Amino acid sequence: MRLDKLIEKQLQTSRKQMKRLFLSGKVRVDGQTELRENRNVDSKLHEIVVSGERLVTEEHYFLMNKPAGIVTANHDHQHQTVIDLLAPADRVPGIYSVGRLDRDTTGLVLLTNNGPLGFDLLHPTRKVSKVYEALVNELVTEADVLAFAQGIVFTGGEACQPAKLVPLWYDDKNGYSQVQLTIAEGKFHQVKKMFLARGKKVVALKRIALGPLNLPADLPVGGYRPLSLAELGSLKPYFLS
Ligand code: URA
């Protein structure tokens, strides 16, 4: 959470008192004087000491294996949301999904009430990789691999960054290909539109990784669990603001 909000909440300071603590060098993170009031911190990752007192955050981070049919939004009038899949005790204030998957897409979703983390993790300049497995309704060829590597241009002209497409297998009975695709951006319906630009259709899509986080093999569809300390530690470089 933001350091200024943490100080105000835990030390019950006014805004003015909080600012004074920064200006007088009383705020230290990992042993260094911190001047950025909006710095994103988590006490599981950072040592936060203000006027000699150690502060503790209560941030929540969950990895979910999203089923098809569920929307990645906080509220929806028609469909169940990823928030609805959380136990009531885990629906903490401010919880949201970092990025979105389409309703029919399955796989890894990160949920947190750490607002700045989602912003930093998904900021286009960070180029955080997202890895998908897709089932495509045709043979995926070396020409497709090359086109993805060169940067797909959507019908309409929008250009994508180079992406790594790896054909995994081809089922010649139904003509479907299974592929793995790594992209470093998050345009709306990006994977489906990339294949459409090649005249092919994605019939099933699953996200298996987001930056350093991988979809755990033992996490059942519809299930979720808190991030391990190691997984949270892998996100530390994204605590940027
Ligand atoms: N690309 C898509 O087309 N859909 C998703 O859900 C995610 C990436």
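Keep in mind that what you see is a predicted model, and the values were worked out from it rather than measured.

Looking now at the packing of helix H1 (residues 3-10) against helix H2 (residues 15-23). It is at 10 Å that the axes of H1 and H2 come closest, and there the two elements cross at 120°. Relative to H2, the element H1 lies oblique. Crossing angle aside, the handedness with which H1 passes H2 is right-handed. Where H1 approaches H2, its residues Leu 3, Asp 4, Lys 5, Ile 7 and Glu 8 are matched on the opposing element by Arg 15, Met 18, Leu 21 and Phe 22. Here the residues of the contact of H1 with H2 are counted per class, giving five nonpolar, no polar and four charged.

Attention now goes to the domain arrangement of the protein. When the parts of a complex come together, some accessible area is lost, and that lost area is often used as the size of the interface. Once the domains are mapped, the protein shows domain 1 (3-54), domain 2 (61-125 + 212-238) and domain 3 (129-210). Each partner contributes to the roughly 1,100 Å² buried at the junction of domain 2 and domain 3, and carbon and sulfur atoms together form 47% of this total. One can count two salt bridges joining domain 2 with domain 3. Between Lys 192 and Asp 102 there is a salt bridge whose closest N-O contact spans 2.8 Å. Applying the counting rule to domain 2 against domain 3 returns eight residue pairs in polar contact (both at pLDDT 80 or more).

Moving on to the site of the ligand. Around the ligand, a shell composed of Leu 101, Asp 102, Thr 105, Tyr 132, His 189, Gln 190, Val 191, Lys 192 and Leu 205 is seen. Within the contact set of the ligand, an oxygen atom lies 3.1 Å away from a backbone nitrogen or oxygen of Lys 192. Protein chains bury 95% of the 240 Å² of accessible surface belonging to the ligand in isolation. With three residues, helix H5 (residues 190-197) is the single largest residue contributor to the shell around the ligand. Two domains each donate at least three residues to the shell around the ligand, and these are domain 2 (61-125 + 212-238) and domain 3 (129-210).

A full pass over the atoms with the stated rule returns two aromatic pairs. Ring plane angle 85° and centroid distance 5.3 Å describe the contact between Phe 62 and Tyr 224, whose orientation is recorded as edge-to-face. Residue Phe 62 is found in strand S5 (residues 61-66), and its partner Tyr 224 is found in strand S13 (residues 224-226); the two are separated by 162 residues along the sequence. Phe 62 sits in the buried class, given a relative accessible area of 4%. According to the relative accessible area criterion, Tyr 224 is partly exposed, its value standing at 21%.

A side chain with one charge may pair with a side chain of the opposite charge, provided their charged atoms come close. Within the structure shown, the criterion is met by 15 salt bridges. One continuous salt-bridge network, built from bridges that share partners, spans Arg 2, Asp 4, Glu 8 and Arg 15.

This brings us to the nonpolar core. Note on soluble globular proteins: their nonpolar side chains tend to be buried together. Core analysis: the biggest nonpolar cluster contains 31 residues, and Leu 111, Phe 148, Leu 165, Leu 181, Val 191, Met 194 and Phe 195 have the highest contact counts within it. Mapped by element, the contributors of at least two residues to this core are S5, strand S7 (106-112), strand S8 (130-136), helix H4 (142-150), strand S10 (176-183), H5 and strand S11 (202-210). The contact partners of Leu 181, leaving out residues within four places of it in the chain, are Lys 130, Val 131, Tyr 132, Phe 148, Ala 163, Lys 164, Leu 165, Val 191, Met 194 and Phe 195. Judged by nonpolar contacts, the second largest core, of 18 residues, contains Leu 45, Leu 63, Leu 121 and Leu 210.

Rules behind the numbers
- Residues numbered from 1 in each chain as written.
- Predicted model: local features only at pLDDT ≥ 70, side-chain atom pairs only at ≥ 80, totals over all residues.
- Heavy atoms only, no water.
- Axes fitted to C-alpha atoms, helices over the stretch in contact; angles between N-to-C directions.
- Helix = DSSP H or I, 4+ residues; strand = E, 2+ residues; numbered from the N terminus.
- Parallel < 35°, antiparallel > 145°, perpendicular 65-115°, else oblique.
- Left-handed = near helix turned anticlockwise from the far one by under 90°.
- Contact = heavy atoms within 4.5 Å.
- Nonpolar A, V, L, I, M, F, W, Y, C, P; charged D, E, K, R; others polar.
- Domains from an automatic or database assignment.
- Buried area = accessible area lost by both parts, 1.4 Å probe.
- Salt bridge = Lys/Arg side-chain N within 4 Å of Asp/Glu carboxyl O.
- Polar contact = N/O pair within 3.5 Å; in protein donor to acceptor, adjacent residues only side chain to side chain.
- Near = heavy atom within 4 Å.
- Areas by Shrake-Rupley, 256 points an atom, 1.4 Å probe, with all protein chains shown as cover.
- Phe/Tyr/Trp six-rings, centres within 6.5 Å; stacked < 30°, edge-to-face > 60°.
- Buried < 20%, exposed > 50% of the residue type's maximum accessible area, 1.4 Å probe, protein only.
- Core = buried A, V, L, I, M, F, W, Y, C linked by side-chain atoms within 4.5 Å.

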